Amino acid sequence: RFSELDVTREVLKTSNVNSNLTLLVSGVSEKSHLIEKGFAFFALAGTRTHGANFAGEAVSRGANLVVSDLQGEKIIREIGLKVPIYVFKEPREILAKIAAAFFKAKPSCIIGVTGTNGKTSVAHYVRQIWEGLGAEAASIGTTGTNGFINLPLENTTPDPIKLHWLLNEMKSRGINNVVIEASSHGLVQKRLNAIEFSIGVFTNLSRDHFDYHKDMESYFKAKSILLERLTSASGGAVICVDDDYGSRMFDIAKSNLSKVITMGKNKISDIRILSQTFHEKGQNLKFSWKNEEHVICLPLFGDFQAQNVLLTLGIFEICGANPRQLLDLLNRLKPVPGRMEEVVVKKNGARIFVDYAHTPEALERALRSIRAHFMGKIHLVFGAGGDRDRGKRPLMGRVASNFSDNIIITDDNPRSEDPSFIRSQIKKFCPKAIEIADRAEAILTAIDNLSGGDALIIAGKGHE
């Protein structure tokens, strides 16, 4: 009953509603193909079309109520549907509240991780540490739901119904610790509303999703929602402060939360990276923490892993974990699927890595850092996704050209775009590369060209 969920006061208007009618709703969904008899259909505005255009299908499947915004109501009236309509200013927020009210149980500790790069790695490391401490735990993000429950997911941050169902299911199975990747889309679209995070984490910010956010300022504001609105005032935050965006995020957290821990190479950092040495099995990391210097051995490739690991350390400092036990567990962290993951070694000693790098900065960091581990040539297979920020393509082409020796441009999820056009946009700024459209052929060709001491990075799709 909407009235019991305290959302009816937010109704802007109603249409086709008989005030004498007692309306019983048996379920809710924002996807018309999942509607069943007696469901309420949430017709939400999308990036390409409005969900109200699918209201006819929803009603034919049994929907007896549509929840939408003013634009959606106009579309439904034009279609001529006589179904009752509740109009809200923010129907996505109403959906999150309803999902949270229906799936009431939640783990007691929920950590949110946002930023452009590193979200998945931090989430996996947090889950690994919890498990090392003997706690049942799970992570939710790009690689799906992992840990005590393993499920694939369509999006990095699931829709509110799926998300609150997952949290309810975890609690019912005795899981009290969960870490969630908070994507910018998920934050703006209010998928994470009605969750009170115990700790919010900010990794970094670089160009991505400009097809959606338009510019860096809009992108930053989307990320800041986690620490500004969704993290508990009595909770905490862990922030990498190595750039201006981190400093701004620190100011937001400091004014909203009770405890904030900073991490980075900056001298003001509570957890400070001092030095790294790289070798063919990983790296040694020296850092200062709690007025002492520490050295840990990480079986992880890439200098950026130091940031991900020490953000994880900061999270557990807020949680109150035993410092000595934490340092021991950090030494035993395992690589994350598709994140600078070594997948095979050729008989001649050449090594092959898969990495999710799909932004200019992430690709540069991957290429720069892998060169520090190996003496041979650096080979790269990569592409760019279709129907997304086209401005990234020339930037990624320049990065590939500047930081790798042998390059193959291939297709990487072109969606509705012409794959050859995407490849040509990259190649203009990467003239020494060759094009091989078929991804499998591109990968096999690159592997055949590897000599002893070389390394190949297959970038883009990551764990996929």
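What you see as residue numbers is a count from 1 along each chain, following the sequence as written. Residue-level local features of this predicted model are given only where pLDDT is at least 70; pairs of side-chain atoms are given and counted only at 80 or more, and the full residue set underlies all totals for whole chains, interfaces and linings. As a convention, hydrogens and water are excluded, and side-chain values are obtained from all of the structure's heavy atoms.

The next thing to look at is the sheet that holds strand β2 (residues 27-29). Spatial ordering of the open sheet is given by β1-β5-β4-β3-β2, a layout of 5 strands whose pairing is mixed. Each edge of the open sheet is held by one strand with a lone partner, namely β1 (11-15) and β2. Pairs of neighbouring strands in the sheet enclose a mean axial angle of 20°, with direction left out of account. Pairing geometry for β2 and strand β3 (residues 39-42), over 3 bridges, is parallel. A pair of strands is considered paired only if DSSP assigns at least 2 bridges between the two. Strands are runs of DSSP state E lasting at least two residues, helices are runs of H or I lasting at least four, and both sets are numbered from the N terminus onward. For helices, the fitted line uses only the C-alpha atoms of the stretch in contact; every axis is such a line through C-alpha atoms, and the angle between N-to-C directions lies from 0 to 180 degrees.

With 14 residues, helix α12 (residues 360-373) extends 21 Å between its outermost C-alpha atoms, agreeing within 8% with the 20 Å of an ideal straight helix rising 1.5 Å per residue. Where α12 is concerned, the buried positions are P360, A362, L363, A366, L367, S369, I370 and H373. Pairs of residues are marked as contacts when any of their non-hydrogen atoms sit within 4.5 Å. Tucked inside the fold, the buried residues of α12 contact β13 (271-279), β14 (282-289), β17 (351-355), β18 (378-382), α13 (392-403) and β21 (455-459). In a helix, the anticipated span is given by 1.5 Å times the number of residues less one. Burial classes follow relative accessibility: with a 1.4 Å probe on protein chains only, a residue under 20% of its type's maximum area counts as buried, one over 50% as exposed, and anything between as partly exposed.

What follows is about the packing of helix α8 (residues 216-230) against helix α9 (residues 244-256). Direction vectors running N to C along α8 and α9 enclose 30°, while the axes themselves pass 10 Å from each other. The crossing of α8 and α9 is right-handed. Within the contact between the two elements, α8 uses M216, E217, F220, K223, S224, L227 and E228 and α9 uses Y245, R248, M249, I252, A253 and N256. Per-class residue counts for the contact of α8 with α9 are 7 nonpolar, 2 polar and 4 charged. Here a crossing is called left-handed whenever its near helix is offset anticlockwise from the far helix by less than a right angle, and right-handed whenever the offset is clockwise. Amino acids outside the nonpolar list (Ala, Val, Leu, Ile, Met, Phe, Trp, Tyr, Cys, Pro) and the charged list (Asp, Glu, Lys, Arg) are all regarded as polar, and Gly is one of them.

Inspection of the secondary structure assignment puts D389 in the loop between β18 and α13. With a relative accessible area of 7%, D389 lands in the buried category. Of the polar contacts made by the side chain of D389, one reaches the backbone nitrogen of G391; its length is 2.9 Å. Polar contact is defined as a pair of N or O atoms within 3.5 Å, subject to the rule that within protein one atom must be able to donate a hydrogen and the other to accept it, and that residues adjacent in sequence are counted only when both atoms are side-chain atoms.

The next point concerns the packing of aromatic side chains. Between rings of Phe, Tyr and Trp, where Trp is taken as its six-membered ring, a pair exists when centres lie within 6.5 Å; planes separated by under 30 degrees are stacked, by over 60 edge-to-face, and by other angles tilted. Enumeration over the complete set of coordinates arrives at 7 aromatic pairs. Summarising the aromatic geometry, the rings of F220 and Y245 are spaced 5.7 Å apart at their centres and angled 35° between planes, so their arrangement reads as tilted. With a gap of 25 residues between them, F220 in helix α8 and Y245 in helix α9 connect regions that are remote in the sequence. Charge-over-ring contacts are defined here by two conditions on Lys NZ or Arg CZ: a distance within 6 Å of the ring centre and an angle within 35 degrees of the ring normal. Sitting over the face of the ring of F220, R248 holds its NZ or CZ atom 4.1 Å from the ring centroid. Above the face of the Y356 ring, R339 is positioned so that its terminal group lies 4.0 Å from the ring centre.

Tracing the backbone shows I352 in strand β17. With relative accessibility at 2%, the residue I352 sits in the buried group. I352 has contacts with E341, E342, V343, V344, K346, I447, L450, L456 and I458, leaving out every residue within four places of it along the chain.

The term salt bridge refers to a side-chain nitrogen of Lys or Arg lying within 4 Å of a carboxyl oxygen of Asp or Glu. Scanning the model with the defined rule gives 20 salt bridges in all. For K97, the salt bridge identified is with E10, shortest N-O distance 2.7 Å. Linking K97 in helix α3 (residues 91-102) with E10 in the segment before β1, this pair joins segments that are 87 residues apart in sequence. Its relative accessible area of 28% is what places K97 among the partly exposed residues. Across the salt bridge formed by R332 and D328, the nearest N and O atoms sit 2.6 Å from each other.

Take the sheet that holds β18 next. Taken together, the 6 strands give an open sheet; going across it, the order is β16-β17-β21-β18-β19-β20, and neighbouring strands pair in mixed fashion. Since the sheet does not close on itself, it has two edges, and those belong to β16 (341-345) and β20 (434-435), each with one partner. Sheet topology note: the β16/β17 ladder contains 4 bridges and is antiparallel. Across the sheet, the residue bridging to V344 is I352, located in β17. Contacts from α12 reach β17, β18 and β21, with the element oriented near 155° to β18. Lying on the sheet, helix α15 (residues 439-448) is in contact with β17, β18, β19 (406-409) and β21; it crosses β21 at an angle near 165°.

With that settled, the discussion passes to the side chain of H164. Along the chain, H164 falls in helix α5 (residues 160-172). In contact with H164, not counting residues within four places along its chain, are A96, A99, A100, F103, K106, N193, A194 and I195.

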